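# Chain and residue survey
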Amino acid sequence: MDEASQSTRAGFIYGANDGRLMDKNKNLYHLENKKDESYIKIELDITPLSSDKEAMLHVYRVGYHPDDKKEIPFKSFPIPTALINKDNKYVLH
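Each value, and the rule that gives it
- Residues numbered from 1 in each chain as written.
- Predicted model: local features only at pLDDT ≥ 70, side-chain atom pairs only at ≥ 80, totals over all residues.
- Heavy atoms only, no water.
- Phe/Tyr/Trp six-rings, centres within 6.5 Å; stacked < 30°, edge-to-face > 60°.
- Lys NZ or Arg CZ within 6 Å of the ring centre and 35° of its normal.
- Pairing = 2+ DSSP bridges.
- Helix = DSSP H or I, 4+ residues; strand = E, 2+ residues; numbered from the N terminus.
- Axes fitted to C-alpha atoms, helices over the stretch in contact; angles between N-to-C directions.
- Salt bridge = Lys/Arg side-chain N within 4 Å of Asp/Glu carboxyl O.
- Buried < 20%, exposed > 50% of the residue type's maximum accessible area, 1.4 Å probe, protein only.

A word on the packing of aromatic side chains. Considering all chains together, one arrives at zero aromatic pairs under this definition. The ring centre of Tyr-60 lies 4.7 Å from the NZ or CZ of Lys-41, which sits over that ring.

Set out below in structure tokens:
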């Protein structure tokens, strides 16, 4: 997150390109993902703060289940404004 560029999202990717998800014989759903099509992404989104709502922590799961969507979070969690708010959104936490 960078105040100079006014970025509103930052994330980390975990478990990308797991060989078990790239070989249909090695996973429960017989998925055969290509390179960069399977991962877990944890994303901090402070965009809602501009609308007086809570920042969100989104968890994306991609390529682990046939219903996974890279554009739709698997799960989202609100972050209380006592932790992240308009006044401290670009401060190191």
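Okay, back to it.
One key point about sheets: their strands pair by backbone hydrogen bonds, in either a parallel or an antiparallel sense. In space, the four strands of this open sheet follow the order S1-S2-S3-S4, with antiparallel pairing throughout. A single partner strand is all that each edge strand has here, and the edge strands are strand S1 (9–14) and strand S4 (75–79). On average, each strand axis in the sheet is inclined to that of its neighbour by 15 degrees, with strand direction left out of account. Pairing of strand S3 (residues 55–62) with S4 involves five bridges; the strand directions are antiparallel. Bridge pairing links His-58 to Ser-76 in S4.

Moving on: the pattern of salt bridges. A complete count under the given rule lists seven salt bridges for this structure. Note that Asp-45 is salt-bridged to Arg-9, the shortest N-O span being 3.3 Å. On the criterion of sequence distance, the pair formed by Asp-45 in strand S2 (residues 39–45) and Arg-9 in strand S1 is long-range, its members being 36 residues apart. Residue Asp-45 is classed as buried on the basis of its relative accessible area of 5%. Lys-86 is paired through a salt bridge with Asp-52; the nearest N and O atoms lie 2.8 Å apart. Taken together, the positions of Lys-86 in the segment after S4 and Asp-52 in the loop between S2 and S3 put the pair 34 residues apart, joining distant regions of the chain. Taking relative accessible area as the criterion, Asp-52 reaches 65% and is therefore assigned exposed. Residues joined by salt bridges that share partners form a network here, namely Arg-9, Lys-41, Glu-43 and Asp-45.

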